[in-house]
Amino acid sequence: MRIARLLGTVLGTTLLTTTAVLTAPAQAGPAAPRDAVSLDRPALRDSLDAVHEAGMYGVFSSVRDGGERWTGASGVADVATGRPVTPGMRQRVGSISKTFTAVGVMQQVERGRIRLDAPVGDYLPDLIPGERGREVTVRMLLNHTSGIGDFVGGAFPSLTRNSAASLEEERFRSIRPAELVRMGLAAPATGRPGAVPGSYSNTNYVIAGLLLEKVTGQKAGAYLTRHVIDRAGLRHTYLPRTPYIKGPHPRMYESWFGLLDPPRDFSVYDMSWASTAGSVVSTTDDLNRFYRALLGGKLVGKASLDQMTRTVPVSGMDYGLGIYALELRGCGRFWGHDGAVFGAGTIALSSRDGKRQIALAQNLMKYQELDETGRPKAHPIDDVIAAHVVRALCPQAPLSGINHSRLTESLRFDQLSH
């Protein structure tokens, strides 16, 4: 079955994230000094409009270069009423949540309550007993080298039967994190603990959230709110307690590669299934602020940040601890994460010094068709999203030199949630 094959190659790697490796302008020359190029506001505006014109319902973006900022939106938040999308809207950010969770764990590493290379069974012996508990370390959870499978197929079983029925049936289901872990542990292992390349699994970050609860004595959401979200100065970011999003937000439309036609609105959804792997709600401005605070050393110290930015190959990414590196040839290396949940896709990338940033959100997901092997075909939306990201992060690069096939492979939101 095409969807079943897709699950094996895609969902296992990204339910709450969606990227591979971004290579930039194929013919770009040496990077220009970063302070020599300011934001090209007309170009940003035009490239964002191009995303909507290519078929995306609504898209909004926040770009920053030092003290200079630009925000924009194009398209509709509601296809029925024509209500426009606006830059400050809330969005489910999927696996970008993993960076928040990793920061919380690293804060506890700094306090001596967690050891990165200790077996996770030392902390959660009842959750992960036996050989797995002895062999999988905390670091392996955070960099996806644990070999533990993903819970997504167990949580949404119809997806393995070429049907999207589970997405609607489970809309209001509340599921405990321990049950998600049970599903992930029951799934086929993706490799030996510690082996590289690693395999992206949302189960790792549900376990990380339970670890955080064990060592702090607090609910993970409460801890992350106080010690990560509030500490970073985020005003519109939170972990939801209900299926509803607080504040202005777009409707979030899911096509699931044509199985949902017309695309279904999943903006009301119980996100307990994503837990600390992908349930955070935020805005594009807040995401830029968050990564700027993290990379600037305001959330964890230098030693912890050095650990977070030590990467290993994971499902086509250079993955650290809750954050990945993405190369734009001619412009340098950028850091961040992306995420995809039902109807919502988001990406946030920052230069290592936190000066050059983009966060982009969209409200139509898995709009691509599948080929005969069950892989998503390229779509015009993919190219123009890539072009906008490059225009934001690398304005000196000629767009005519972009290697579109590699860019779109990197930025195409075709997974359920990396």
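Residues numbered from 1 in each chain as written. Predicted model: local features only at pLDDT ≥ 70, side-chain atom pairs only at ≥ 80, totals over all residues. Heavy atoms only, no water.

Glancing now at the pattern of salt bridges. A complete count under the given rule lists 19 salt bridges for this structure. Between Arg-333 and Glu-327 there is a salt bridge, and its shortest N-O distance comes to 2.6 Å. When its relative accessible area of 33% is taken as the criterion, Arg-333 is described as partly exposed. When its relative accessible area of 32% is taken as the criterion, Glu-327 is described as partly exposed. With a shortest N-O distance of 3.8 Å, Glu-369 and Lys-377 are connected by a salt bridge. Judged by relative accessible area, which is 53%, Glu-369 ranks as exposed. For Lys-377, a relative accessible area of 38% puts it in the partly exposed group. (Salt bridge = Lys/Arg side-chain N within 4 Å of Asp/Glu carboxyl O. Buried < 20%, exposed > 50% of the residue type's maximum accessible area, 1.4 Å probe, protein only.)

Closest axis-to-axis distance for the helix H2 (residues 41–53)/helix H14 (residues 380–393) pair is 8 Å, and the angle between their directions is 160 degrees. With respect to each other, H2 and H14 are oriented roughly antiparallel. Between H2 and H14 the crossing geometry is left-handed. Contacts between H2 and H14 involve Ala-43, Leu-44, Ser-47, Leu-48, Ala-50 and Val-51 from the first element and Ile-381, Val-384, Ile-385, His-388, Arg-391 and Ala-392 from the second. (Axes fitted to C-alpha atoms, helices over the stretch in contact; angles between N-to-C directions. Helix = DSSP H or I, 4+ residues; strand = E, 2+ residues; numbered from the N terminus. Parallel < 35°, antiparallel > 145°, perpendicular 65-115°, else oblique. Left-handed = near helix turned anticlockwise from the far one by under 90°. Contact = heavy atoms within 4.5 Å.)

For the coordinates displayed, the defined rule picks out one disulfide. Paired through a disulfide, Cys-331 and Cys-394 show a sulfur-sulfur distance of 1.4 Å. The disulfide joining Cys-331 to Cys-394 has a torsion of about 40 degrees about its S-S bond and is therefore right-handed. A residue pair is termed long-range when its members are at least 10 positions apart, and Cys-331 in the loop between strand E9 (324–328) and strand E10 (332–341) and Cys-394 in the loop between H14 and helix H15 (404–411) qualify at 63 residues. (Disulfide = S-S within 2.5 Å.)

Below, the discussion takes up H2. Compared with an ideal rise of 1.5 Å per residue, which puts 13 residues at 18 Å, H2 spans 18 Å between its outermost C-alpha atoms and is within 8% of the ideal. Along H2, the residues classified as buried are Ala-43, Leu-44, Ser-47, Leu-48 and Val-51. Summarising the axial view, the buried residues of H2 lie within an arc of 130 degrees, below the 170-degree limit, and thus occupy one face. Along H2, the residues that are exposed and aim more than 90 degrees away from the buried face are Pro-42, Asp-46 and Glu-53. Its buried side turned inward, H2 meets strand E1 (58–65), strand E2 (68–75), strand E12 (356–362) and H14. Directly after H2, the chain includes Gly-55, whose backbone phi takes a positive value near 125 degrees. (Expected span 1.5 Å × (residues − 1). Arc of directions from axis to C-beta.)

With 115 residues, the main nonpolar core has Leu-167 and Trp-273 as its most contacted residues. The biggest single contributor to this core is helix H9 (residues 202–216), with eight residues. What Leu-167 contacts, discounting residues up to four positions off in sequence, is Phe-156, Leu-159, Glu-254, Trp-256, Leu-260, Phe-266, Tyr-269 and Phe-342. With six residues, the next largest nonpolar core counts Phe-60, Ala-73, Met-89 and Ala-361 among its residues. (Core = buried A, V, L, I, M, F, W, Y, C linked by side-chain atoms within 4.5 Å.)

With respect to topology, three strands assemble into an open sheet ordered E5-E4-E13, the strand pairing being mixed. The open sheet has two free edges, formed respectively by strand E5 (264–265) and strand E13 (364–365), since each of these has just one partner strand. Of the strand pairs in this sheet, strand E4 (residues 253–254) and E13 are connected by two bridges, and their pairing is parallel. What sits directly across from Glu-254, in E13, is Met-365. (Pairing = 2+ DSSP bridges.)

Residues with a pLDDT of 70 or more make up 86% of the protein chain, whose mean pLDDT is 89. Between residues 1–36, whose pLDDT stays under 50, and residues either more than four places distant or in other chains, the model counts 148 contacts. The low-confidence segment residues 400–416 (pLDDT under 50) makes 75 contacts with residues lying over four places distant or belonging to another chain. (pLDDT = per-residue confidence, 0-100.)

Right, let's get into the side chain of Asn-202. Its place among the elements puts Asn-202 in helix H9. Engagement of the side chain of Asn-202 in a polar contact is seen with the side chain of Asp-150, the distance being 2.9 Å. (Polar contact = N/O pair within 3.5 Å; in protein donor to acceptor, adjacent residues only side chain to side chain.)

Taking a probe equal in size to a water molecule and rolling it over the atoms shows the remaining empty space. For the largest pocket, the calculated volume is near 830 Å³. In terms of lining residues, the largest pocket is bounded by 24 residues, among which Pro-177, Glu-213, Lys-219, Gly-221 and Pro-240 are the most central. Elements with a contribution of two residues or more to the lining of the largest pocket: helix H8 (177–186), H9, helix H10 (220–229) and helix H11 (275–278). Of all the elements, H10 adds the most residues to the lining of the largest pocket, at four residues. Classifying every residue of the lining of the largest pocket gives 10 nonpolar, nine polar and five charged. (1 Å grid on protein atoms, 1.4 Å probe; cavity = no way out; pocket = protein on both sides within 12 Å on 5 of 7 lines; lining within 4 Å. Points joined across faces, edges and corners; volume = space filled by probe spheres on them. Nonpolar A, V, L, I, M, F, W, Y, C, P; charged D, E, K, R; others polar.)

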